[in-house]
Amino acid sequence: MNYDKKKYIIWDWKNPVISHWIINPGLVVNELLLGQTVPKVMLIERKGNKPFYQRSFIPCPHCGELHSGLKFSARNKTAFKNWFGFYCDNCKEIIPVQRNLTSLLILILTFPIWGWFRKSMQKSWLDKQPERYRNINLEIPEKKNTTRDYLKSGLYFGIFMLVSMGIIYPLIYGKEITLKSIVIGVPLWIIGGVASEYTMKLWMNKKGKTQ
Ligand SMILES: [Zn+2]
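## Let's talk about a nonpolar patch on the surface
Working step 1: There is a patch of nonpolar side chains on the surface, built from Leu155, Ile159, Val163, Ile167, Leu171 and Ile177 and spanning about 470 Å² of accessible area.
Working step 2: Here Ile159 is to be found in helix H7 (residues 147-172).
Working step 3: Since its relative accessible area comes to 40%, Ile159 is described here as partly exposed.

## Let's talk about the domain arrangement of the chain
For interface size, the figure often reported is the accessible area lost on association.
Working step 1: What the domain assignment lists for the chain is domain 1 (8-132) and domain 2 (147-204).
Working step 2: For domain 1 and domain 2, the distance between their C-alpha centroids amounts to 23 Å.
Working step 3: Each partner contributes to the interface: domain 1 provides 11 residues, whereas domain 2 provides 9 residues.
Working step 4: Note on domain 1 versus domain 2: buried area summed over both sides is about 870 Å², and carbon and sulfur give 77% of it.
Working step 5: The three residues of domain 1 that bury the most area against domain 2 are Gly26, Val29 and Phe52, which together make up 43% of that side's buried surface.
Working step 6: Put simply, domain 1 and domain 2 have 0 salt bridges between them.
Working step 7: At the level of elements, helix H2 (28-34) and helix H3 (52-55) are the ones that each hand at least two residues to the side of domain 1 that touches domain 2.

## Things to note about the packing of aromatic side chains
Working step 1: Tallied over the full model, the rule gives 7 aromatic pairs.
Working step 2: Plain terms: the ring middles of Phe72 and Tyr133 are 5.8 Å apart, the flat faces sit at 65 degrees to each other, and that makes the pair edge-to-face. Taken together, the positions of Phe72 in the loop between strand E5 (66-68) and strand E6 (86-87) and Tyr133 in the loop between helix H6 (118-132) and H7 put the pair 61 residues apart, joining distant regions of the chain. The same class applies to Phe72 and to Tyr133, which are both buried.
Working step 3: Note on Tyr87 and Tyr133: the rings are 5.4 Å apart at their centroids and 35 degrees apart in plane angle, and the pair reads as tilted. Of this pair, Tyr87 sits in strand E6 while Tyr133 sits in the loop between H6 and H7, placing them 46 residues apart in sequence. Exposure class is identical for Tyr87 and Tyr133. Each is buried.
Working step 4: Ring-pair connections join several aromatic residues into one group, and the members of that group are Phe72, Phe86, Tyr87 and Tyr133.

## Things to note about the nonpolar core
Working step 1: Ranked by internal contacts, the top residues of the largest apolar core, which has 19 residues, are Trp11, Met42, Ile44, Ile58, Phe72, Phe86 and Ile95.
Working step 2: Of all the elements in the fold, those that place two or more residues in this core are helix H1 (16-23), strand E3 (42-45), E6 and strand E7 (94-95).
Working step 3: When sequence neighbours within four positions are dropped, the list of residues in contact with Phe86 reads Thr37, Val38, Pro39, Ile58, Phe72, Glu93, Ile94, Ile95 and Val97.

## Things to note about the coordination of the zinc ion
Each pair of donors in an ideal four-coordinate tetrahedral metal site encloses 109.5 degrees, whereas pairs in an ideal six-coordinate octahedral site enclose 90 or 180 degrees.
Working step 1: The protein atoms that coordinate the zinc ion are Cys60 (SG), Cys63 (SG), Cys88 (SG) and Cys91 (SG), at distances of 2.2 to 2.3 Å.
Working step 2: Along the chain, the residues donating to the zinc ion fall in the pattern C-x2-C-x24-C-x2-C. With Cys63 in the loop between strand E4 (56-59) and E5 and Cys88 in the loop between E6 and E7, the pair connects residues that are 25 residues apart, well separated along the chain.

## Remarks on the layout of surface pockets
Working step 1: Of the pockets and cavities examined, the second largest pocket occupies roughly 520 Å³.
Working step 2: Taken together, 16 residues line the second largest pocket, and the ones lying closest to its centre are Trp83, Phe84, Arg99, Leu107 and Trp114.
Working step 3: Of all the secondary-structure elements, those providing two or more residues to the lining of the second largest pocket are H2, helix H4 (101-109) and H6.
Working step 4: The element that contributes the greatest number of residues to the lining of the second largest pocket is H4, accounting for 4 residues.
Working step 5: Looking at the lining of the second largest pocket, its residues break down into 11 nonpolar, 2 polar and 3 charged.

How each quantity is defined
Residues numbered from 1 in each chain as written. Predicted model: local features only at pLDDT ≥ 70, side-chain atom pairs only at ≥ 80, totals over all residues. Heavy atoms only, no water. Patch = residues over 30% accessible without salt bridge, like charges linked within 9 Å, V, L, I, M, F, W, Y side chains within 5 Å. Areas by Shrake-Rupley, 256 points an atom, 1.4 Å probe, with all protein chains shown as cover. Salt bridge = Lys/Arg side-chain N within 4 Å of Asp/Glu carboxyl O. Helix = DSSP H or I, 4+ residues; strand = E, 2+ residues; numbered from the N terminus. Buried < 20%, exposed > 50% of the residue type's maximum accessible area, 1.4 Å probe, protein only. Domains from an automatic or database assignment. Contact = heavy atoms within 4.5 Å. Buried area = accessible area lost by both parts, 1.4 Å probe. Phe/Tyr/Trp six-rings, centres within 6.5 Å; stacked < 30°, edge-to-face > 60°. Core = buried A, V, L, I, M, F, W, Y, C linked by side-chain atoms within 4.5 Å. Donors = N, O, S within 2.8 Å, 3.2 Å for Na, K, Ca; no water. 1 Å grid on protein atoms, 1.4 Å probe; cavity = no way out; pocket = protein on both sides within 12 Å on 5 of 7 lines; lining within 4 Å. Points joined across faces, edges and corners; volume = space filled by probe spheres on them. Nonpolar A, V, L, I, M, F, W, Y, C, P; charged D, E, K, R; others polar.

See below:
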């Protein structure tokens, strides 16, 4: 599809956010277990006095609808369970997503197991989607996030990463879980989580060019 490059910055696999999604093997947990994913293409509005998350759009290649990035968010409880892709509530098709390399590899290797059920799984997943998008809220969150809020979500993220990288990841790859790696991991992931949450907040509120 052709997008208006003057109006939008186009994010595809060459963008660091999306290429990180492809490369990082730890994200296999997010993708295969939680059903978190990223679109193949994202459009970011160049101009406008709006924060980043209101300038980002996910285009549907089937009907051309530009979905606000907020439609697929934790706030709307639609950030997860997107195993088959993002659901387009306009044309009922699936918006293609970028697969993580490791999970793609796992999916290919295990295809003989789940391949048989693919169609029926996708159908029952698709049947559940309209309900999830019935009450989507695209309004700007009124309240400003306080220091406490991002500390809290950073902490959750840190714990989540600790569990996935320190326990689940070694289990998948048959590596040993050592007390040492967990002891070192605790402060590391928590500090990392808080820091990345804070950068995210700054980034998400970043405004577009005014002219
Ligand atoms: Zn569509």
